[in-house]
Amino acid sequence: MVREIERTELNDLLALYTHLHEKSIPEWSDHLKHTWETILQDRNHHIIVNIVDGKLVSSCVCVVIPNLTRGIRPYALIENVVTHSDHRGMGYATACLDYAKALAEREHCYKIMLLTGSRDAATLRFYERAGYNSREKTAFTQRLE
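Sequence order as written defines residue numbering, which begins from 1 separately in each chain. Owing to the predicted nature of the model, reporting of local features is limited to residues with pLDDT of at least 70; listing and counting of side-chain atom pairs is limited to 80 or more, with chain, interface and lining totals taken over all residues. By convention in this description, side-chain values take in all heavy atoms of the structure and omit both hydrogens and water.

## Some points on helix α2 (residues 30-41)
- Here α2 contains 12 residues, and its C-alpha end-to-end distance of 16 Å stays within 8% of the 16 Å for a straight helix at 1.5 Å per residue.
- Structurally, α2 contributes buried residues whose contacts are with α1 (10-16) and β2 (45-52). Starting at the N terminus, helices and strands are each numbered in turn, a helix being any DSSP run of H or I of at least four residues and a strand any DSSP run of E of at least two. Here the expected length of a helix is defined as 1.5 Å per residue gap, with one fewer gap than residues. The contact criterion used throughout is that any non-hydrogen atoms of two residues lie within 4.5 Å.

So, in structure tokens, the structure goes:
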């Protein structure tokens, strides 16, 4: 079942993120609590989850960003696409991305952007099959440490 995350599922999400790039689950802190509350209260920040047999197996984040160009239409940014390693290749992340696309369409976004740090050919094909392309834009990032 694909839906938006519930308040009580933070620990499950943090555990899932260890299958993305996190090495461990962060310790509970005021900063973590404040960040979680900020996300939950932001109507433009959507954490989409796929629940299978009561377990959170896949997720992505979709943030809708208000915009003053393109007919004053917002755009969406997809981040943190992850599937538990035991559940990959079963369409769970695709379902999350489809949910994000429907959400972006409902919000009248004119585009969805997705960045990946992966160079893995299978991962790149996965995003292409989901409707994304790497020909339309050039992405640059700057790490702030």
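## Overview of the layout of surface pockets
- As defined here, a cavity is a set of points on a 1 Å grid over the protein atoms alone where a 1.4 Å probe fits but cannot get out. A pocket is an open set with protein on both sides within 12 Å along at least five of seven lines, and residues line them when an atom is within 4 Å of a point. Grid points are joined across faces, edges and corners, and a volume is the space filled by probe spheres set on the points. Taken as a whole, the second largest pocket holds about 400 Å³ of empty space.
- Contributing elements (two or more residues each) for the lining of the second largest pocket: α1, α2 and β2.
- Tallying contributions element by element places α2 first for the lining of the second largest pocket, with five residues.
- Each residue receives one of three labels: charged for Asp, Glu, Lys and Arg, nonpolar for Ala, Val, Leu, Ile, Met, Phe, Trp, Tyr, Cys and Pro, and polar for the others, Gly being one of them. In terms of residue class, the lining of the second largest pocket is made up of 11 nonpolar, seven polar and one charged.

## A short note on the sheet that holds strand β5 (residues 112-114)
- With mixed pairing, the five strands of this open sheet are ordered in space as β1-β2-β3-β4-β5. If you trace the sheet from one side to the other, it starts and ends with β1 (2-4) and β5, each paired once. Averaged over all pairs of adjacent strands, the angle between their axes in this sheet comes to 30°, without regard to strand direction.
- Note: strand β3 (residues 55-65) against strand β4 (residues 75-83), seven bridges, orientation antiparallel. Opposite I65, over in β4, you have Y75 as the bridge partner. One requirement defines pairing of two strands: DSSP has to find at least two bridges between them. In this analysis, axes come from line fits to C-alpha atoms, helices being fitted only over the stretch in contact, and the angle between any two N-to-C directions falls in the range 0 to 180 degrees.

## Describing unusual backbone geometry
- With a phi angle near 50°, D53 is a residue other than glycine that sits in the positive phi range.
- Structurally, the position occupied by D53 is in the loop between β2 and β3.
- Using a 1.4 Å probe on the protein chains alone, a residue whose accessible area is under 20% of its type maximum counts as buried, one over 50% counts as exposed, and one in between counts as partly exposed. For D53, a relative accessible area of 79% corresponds to the exposed category.
- The phi angle at I72 is positive, at roughly 60°, despite the residue not being glycine.
- Note on placement: I72 falls in the loop between β3 and β4.

## Describing the pattern of salt bridges
- Take a side-chain nitrogen of Lys or Arg and a carboxyl oxygen of Asp or Glu: if they are within 4 Å of each other, that pair is a salt bridge. Going through the model one piece at a time under the given rule, you end up with four salt bridges.
- Of the charged contacts, one joins R3 and E6 as a salt bridge, the two residues approaching to 3.8 Å between their closest N and O atoms.
- In this structure E6 comes out as partly exposed when scored by relative accessible area, which is 41%.
- The class of R3 is buried, set by a relative accessible area of 15%.
- A single salt-bridge network, built from bridges that share partners, covers R3, E6 and E9.

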